[in-house]
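Structure assessment
Each chain, letter by letter, is given below.
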Amino acid sequence: MSAVDIHKMRVAFQGEPGAFTEEAAVQLLGEAITTVPRPTFDAAFRAISDGLADALLAPVENTLAGPVVRVYDLLLESALTITAETILPIEHHLIACPGATLDDIRSVASHPMALAQCERFFLTHPHVKRVPAEDTAGSVREVLARGDKSSAAIAGRRAAEYYSGVILASDLQDNAENFTRFFLLRPASESQPPLPDAHKMSIAMRLAHRPGALLASLEPFAKHGVNLQKIESRPIHGRPWEYQFFLDLEADSSAQLESALSQVRQATSDLRVLGLYAAARTSSTAPISSEKGKL
């Protein structure tokens, strides 16, 4: 995209305004974009074909909770291409109505995953009731709309700012190494040529039905100096006990990746490149991706 286009770029995400995914989109692409909240992952993946968005940012894994399996299924069903990744530190804050104090709080709402990641807070505040909600940012919106000073929500700082809530306690997460990884997805027909530092690749593959197929499909990566960073399996719908494998690969050059893939294809019944992109960094202060420089 050109520098002018970034001011028009509409990025869909699952959740409500103030969600962690919206924060990740701004971290990756800057404040000039227009974010498009969608109620479900399915609706977010339809946003581009529905004409509501130009791109989609979707979470694919969390360092504590693991993969977001619905996103992997939808990615495979779609014709979208991964053009960038970004990694967001997940920092949970206790957010309440203006004028409320920590001693006032009797219930805390949030997504079940966020509640589970703040176990120490609830152990030290046993009188506080946990209230599962659909969305972290949505729980903040509901608390502020009710105006109940005995209720609070757990979400990110962006949600507190968006809904004008007050942060009563910061960094409630039990584990400081709590990160979520996101993919920026765009229609394959609109994707730009990979940048020079695009040495990371995500693929999906199905194995050929013969003994040793998995080993044969992985050996070429070692042979060509490709780092196999991750392998994930998902059941193939309608085909019991057969699996789709998702792999993340990284090499010093895209040529190494292509050389390895030419041999991997011989051991697979189907192989699809989901995207070639620059690797993100986990530091919130370091440059996250080169996608922004391409806009």
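The structure contained in this document is the topic of the report that follows. (Residues numbered from 1 in each chain as written. Predicted model: local features only at pLDDT ≥ 70, side-chain atom pairs only at ≥ 80, totals over all residues. Heavy atoms only, no water.)

**Observations regarding the overall build of the protein chain**
- Secondary structure summary: the protein chain contains 10 helices and 15 strands in total.
- Taken against the 2.2 N^0.38 rule, which gives 19 Å for 295 residues, the C-alpha radius of gyration of the protein chain at 21 Å falls within 12% of a compact globule.
- Counting only C-alpha atoms and orienting by the principal axes, one finds that the protein chain spans roughly 65 × 45 × 35 Å.
- Sorting the 295 residues of the protein chain into buried and exposed places 51% on the buried side.
- Long-range pairs, those at least 24 residues apart, make up 74% of the contacts in the protein chain between residues at least 6 apart in sequence.
- About 13500 Å² of surface is accessible on the protein chain, with carbon and sulfur atoms providing 53% of the total. (Helix = DSSP H or I, 4+ residues; strand = E, 2+ residues; numbered from the N terminus. Rg over C-alpha atoms; globule rule 2.2 N^0.38 Å. Buried < 20%, exposed > 50% of the residue type's maximum accessible area, 1.4 Å probe, protein only. Contact = heavy atoms within 4.5 Å. Areas by Shrake-Rupley, 256 points an atom, 1.4 Å probe, with all protein chains shown as cover.)

**Considering the pattern of salt bridges**
- Within this structure, the stated rule accounts for 14 salt bridges.
- Put simply, E85 and K200 hold a salt bridge, and the shortest N to O gap is 3.1 Å. In this pair, E85 sits in strand β5 (residues 80-89) while K200 sits in strand β12 (residues 200-207), placing the two residues 115 residues apart along the sequence. As far as burial versus exposure is concerned, E85 and K200 are alike and both buried.
- For E142, the salt bridge goes to R141, with nearest N and O atoms at 3.7 Å. (Salt bridge = Lys/Arg side-chain N within 4 Å of Asp/Glu carboxyl O.)

**Describing the packing of aromatic side chains**
- The final tally for this structure, using the stated rule, is four aromatic pairs.
- When the ring of F121 is compared with that of F122, the centres are 5.3 Å apart and the planes differ by 80°; the resulting orientation is edge-to-face.
- Classification of F121 by relative accessible area gives buried; the value is 6%.
- Of the residues examined, F122 reaches a relative accessible area of 5% and is grouped as buried. (Phe/Tyr/Trp six-rings, centres within 6.5 Å; stacked < 30°, edge-to-face > 60°.)

**A few points about the nonpolar core**
- If you look at the biggest cluster of nonpolar residues, it comprises 23 residues, and the most contacted ones within it are F45, L56, L75, I82, F183 and L185.
- Taken together, the elements giving at least two residues each to this core come down to α2 (41-46), β3 (55-62), α3 (69-77), β5, β11 (179-187) and β15 (268-277).
- Ignoring anything within four residues of it in the chain, the contact list for L75 reads F45, L80, I82, F183, L185, R272 and L274.
- Core analysis: the next-biggest nonpolar cluster, separate from the first, contains 16 residues, V226, L247, A251 and L261 among them. (Core = buried A, V, L, I, M, F, W, Y, C linked by side-chain atoms within 4.5 Å.)

**Things to note about the environment of S107**
- Residue position: S107 is located in strand β7 (residues 107-110).
- The class for S107 is buried, based on a relative accessible area of 17%.
- Along the primary structure S107 and R265 are separated by 158 residues, whereas in three dimensions their C-alpha atoms are 54 Å apart.
- Once residues within four sequence positions are removed from consideration, S107 is found in contact with V128, K129, V131, S150, S151 and A152.

**A closer look at the packing of helix α8 (residues 213-223) against helix α9 (residues 254-264)**
- Direction vectors running N to C along α8 and α9 enclose 155°, while the axes themselves pass 8 Å from each other. Taken together, the axes of α8 and α9 lie roughly antiparallel to each other. The element α8 and its partner α9 pack so that their crossing is right-handed. Between α8 and α9, the residues in contact are S217, P220, F221 and K223 and A260, L261, Q263 and V264, respectively.
- Per-class residue counts for the contact of α8 with α9 are five nonpolar, two polar and one charged. (Axes fitted to C-alpha atoms, helices over the stretch in contact; angles between N-to-C directions. Parallel < 35°, antiparallel > 145°, perpendicular 65-115°, else oblique. Left-handed = near helix turned anticlockwise from the far one by under 90°. Nonpolar A, V, L, I, M, F, W, Y, C, P; charged D, E, K, R; others polar.)

**A short note on the side chain of D248**
- By secondary structure assignment, the location of D248 is in strand β14 (residues 243-250).
- By relative accessible area, which is 6% here, D248 ends up buried.
- Of the polar contacts made by the side chain of D248, one reaches the side chain of R181; its length is 2.7 Å.
- Contact partners of D248, with chain neighbours within four places excluded, come to R181, K200, M201, S202, N227, L228, Q229, K230 and Y277. (Polar contact = N/O pair within 3.5 Å; in protein donor to acceptor, adjacent residues only side chain to side chain.)

**Notes on the sheet that holds β7**
- Pairing in this open sheet of five strands is mixed, and the strands run β8-β7-β9-β6-β10 from one edge to the other. Edge positions in the sheet fall to β8 (129-132) and β10 (166-169), since each of these pairs with one other strand and no more. Geometrically, the sheet is characterised by an average inter-axis angle of 35° between neighbouring strands, direction not taken into account.
- Pairing analysis gives four bridges linking strand β6 (residues 93-96) to strand β9 (residues 151-155), with the strands arranged antiparallel. In the strand pairing of β9, A96 is matched with A152.
- Relative to the sheet, helix α6 (residues 136-146) contacts β6, β7 and β9, its axis offset from that of β9 by approximately 160°. (Pairing = 2+ DSSP bridges.)

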